[in-house]
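Each chain, written out:
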Amino acid sequence: MRPRIGVTTSRRGGRFMWQANRLALLRAGAAAVRLRPGGPLPVEELHGLVIGGGDDITATLYGGAVDPAIRIDRARDRLELDLLGEAARRFWPVLGICRGAQMLNVFLGGSLHGDIHAAYAGAPRLRTVLPRKMVHVEPDSLLASILGCCDCRVNALHHQSIDRLGQGLRVVARDGHGIIQAVERDGPPFTLGVQWHPEFLPADRGQQRLFRALAAAARDGAAARAAADQSFAR
């Protein structure tokens, strides 16, 4: 079967990011369903979830200081928190990308650095879709087994980053300045967040395996639920 994966996007723009995620999921054997504030939410039809990149997250959600100069989307914040609640109830696999990794952390009770350059003064102001940042991935992590590398080059488009970890999450990647670059949760369902944008690295087989791993987990989960429903119907 081709599992249906919900992909959250911004109301304002985000079309290129959506198309990149859609293509990555298509190549992974899944069908992407765009989810945005004010749009349809076919949760009964979904088998997994990508919380995508985009605007910063409202600081009041994690106890941070509000900066009026930062663009936020409160409706998207609420949508993604509700969808993560659905994912927990329905046992969906989840992949958080950039903002999505941060939202996953906030959903689980963690906090963020509202500005990484204030928290990490020595970090360069790198903002590129090209793989120019080196991150170290914990060798015993699910992420390392998917990527096939422990020292990996990734891109960087973020302004915020994870500070205090959410419940059940484990840090599995950092950059050379100590900034958290990936988190995951042990055990099913598949729950992984990366601070970079794998959808913008289509030629990197390791990065594209993130989407294949998500699709496989969604397919397995859907098959298990279908078998359980069939057994109950008898």
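Summarised in this report is the structure supplied together with it. (Residues numbered from 1 in each chain as written. Predicted model: local features only at pLDDT ≥ 70, side-chain atom pairs only at ≥ 80, totals over all residues. Heavy atoms only, no water.)

So, about unusual backbone geometry. Put simply, P188 and P189 share a cis peptide bond, and its omega is -5 degrees. Tracing the backbone through its elements, the reader meets P189 in the loop between β10 (180-185) and β11 (191-194). Phi angles above zero are rare outside glycine, and C98 is one such case at about 55 degrees. Mapped onto the elements, C98 comes out in the loop between β4 (94-97) and α3 (99-107). (Helix = DSSP H or I, 4+ residues; strand = E, 2+ residues; numbered from the N terminus.)

What follows deals with the side chain of T191. Relative to the assigned elements, T191 resides in strand β11. Apart from the residues within four sequence positions on either side, T191 is in contact with V94, L104, V183, E184 and R185. (Contact = heavy atoms within 4.5 Å.)

This paragraph deals with the side chain of Q181. By the element assignment, Q181 lies in strand β10. Residue Q181 is classed as buried on the basis of its relative accessible area of 2%. A polar atom in the side chain of Q181 sits 3.4 Å from the side chain of D175. In this structure Q181 touches K133, V135, H158, A173, R174, D175, G193, V194, Q195 and W196, once residues within four positions along its chain are discounted. (Buried < 20%, exposed > 50% of the residue type's maximum accessible area, 1.4 Å probe, protein only. Polar contact = N/O pair within 3.5 Å; in protein donor to acceptor, adjacent residues only side chain to side chain.)

Running from N to C, helix α2 (residues 74-90) and α3 point in directions that differ by 65 degrees, and their axes come no closer than 10 Å. In terms of axis orientation, α2 runs roughly perpendicular to α3. Relative to α3, α2 is oriented so that their crossing is right-handed. Contacts from R76, D77, E80, L81, L84 and G85 of α2 reach α3 at R99, M103, L104 and F107. The residue makeup of the contact of α2 with α3, split by class, is five nonpolar, one polar and four charged. (Axes fitted to C-alpha atoms, helices over the stretch in contact; angles between N-to-C directions. Parallel < 35°, antiparallel > 145°, perpendicular 65-115°, else oblique. Left-handed = near helix turned anticlockwise from the far one by under 90°. Nonpolar A, V, L, I, M, F, W, Y, C, P; charged D, E, K, R; others polar.)

The subject of this paragraph is the packing of aromatic side chains. For the coordinates displayed, the defined rule picks out one aromatic pair. On the basis of an interplanar angle of 15 degrees and a centroid distance of 5.3 Å, the ring pair of F16 and F200 is categorised as stacked. Taken together, the positions of F16 in helix α1 (residues 15-27) and F200 in the loop between β11 and α6 (205-233) put the pair 184 residues apart, joining distant regions of the chain. Judged by relative accessible area, which is 64%, F16 ranks as exposed. (Phe/Tyr/Trp six-rings, centres within 6.5 Å; stacked < 30°, edge-to-face > 60°.)

Within the structure shown, the criterion is met by 13 salt bridges. Across the pair E44 and R90 runs a salt bridge, and its minimum N-O distance is 2.9 Å. Here the residue E44 occupies a position in the loop between β2 (31-35) and β3 (48-51), and R90 occupies one in helix α2, the gap between them amounting to 46 residues. Measuring nitrogen to oxygen at the nearest pair gives 2.7 Å for the salt bridge that ties R90 to E86. Of this pair, R90 and E86 are both found in helix α2, four residues apart, which corresponds to roughly one turn of the helix. (Salt bridge = Lys/Arg side-chain N within 4 Å of Asp/Glu carboxyl O.)

Another aspect to go through is the environment of A203. Turning to its location among the elements, A203 is positioned in the loop between β11 and α6. Among the residues examined, A203 registers a relative accessible area of 75% and is labelled exposed. Separated by 169 residues in sequence, A203 and R34 place their C-alpha atoms 23 Å apart.

Its 13 residues give α1 an end-to-end C-alpha distance of 18 Å, which sits within 8% of 18 Å, the value for a rise of 1.5 Å per residue. Buried residues of α1: M17, W18, A20, N21, A24 and L25, and no others. One side of α1 carries all its buried residues, which in axial view fall inside an arc of 165 degrees. Among the exposed residues of α1, those pointing more than 90 degrees away from its buried face are R15 and F16. Where α1 terminates, the next one or two residues include G29, which has phi positive at roughly 90 degrees. (Expected span 1.5 Å × (residues − 1). Arc of directions from axis to C-beta.)

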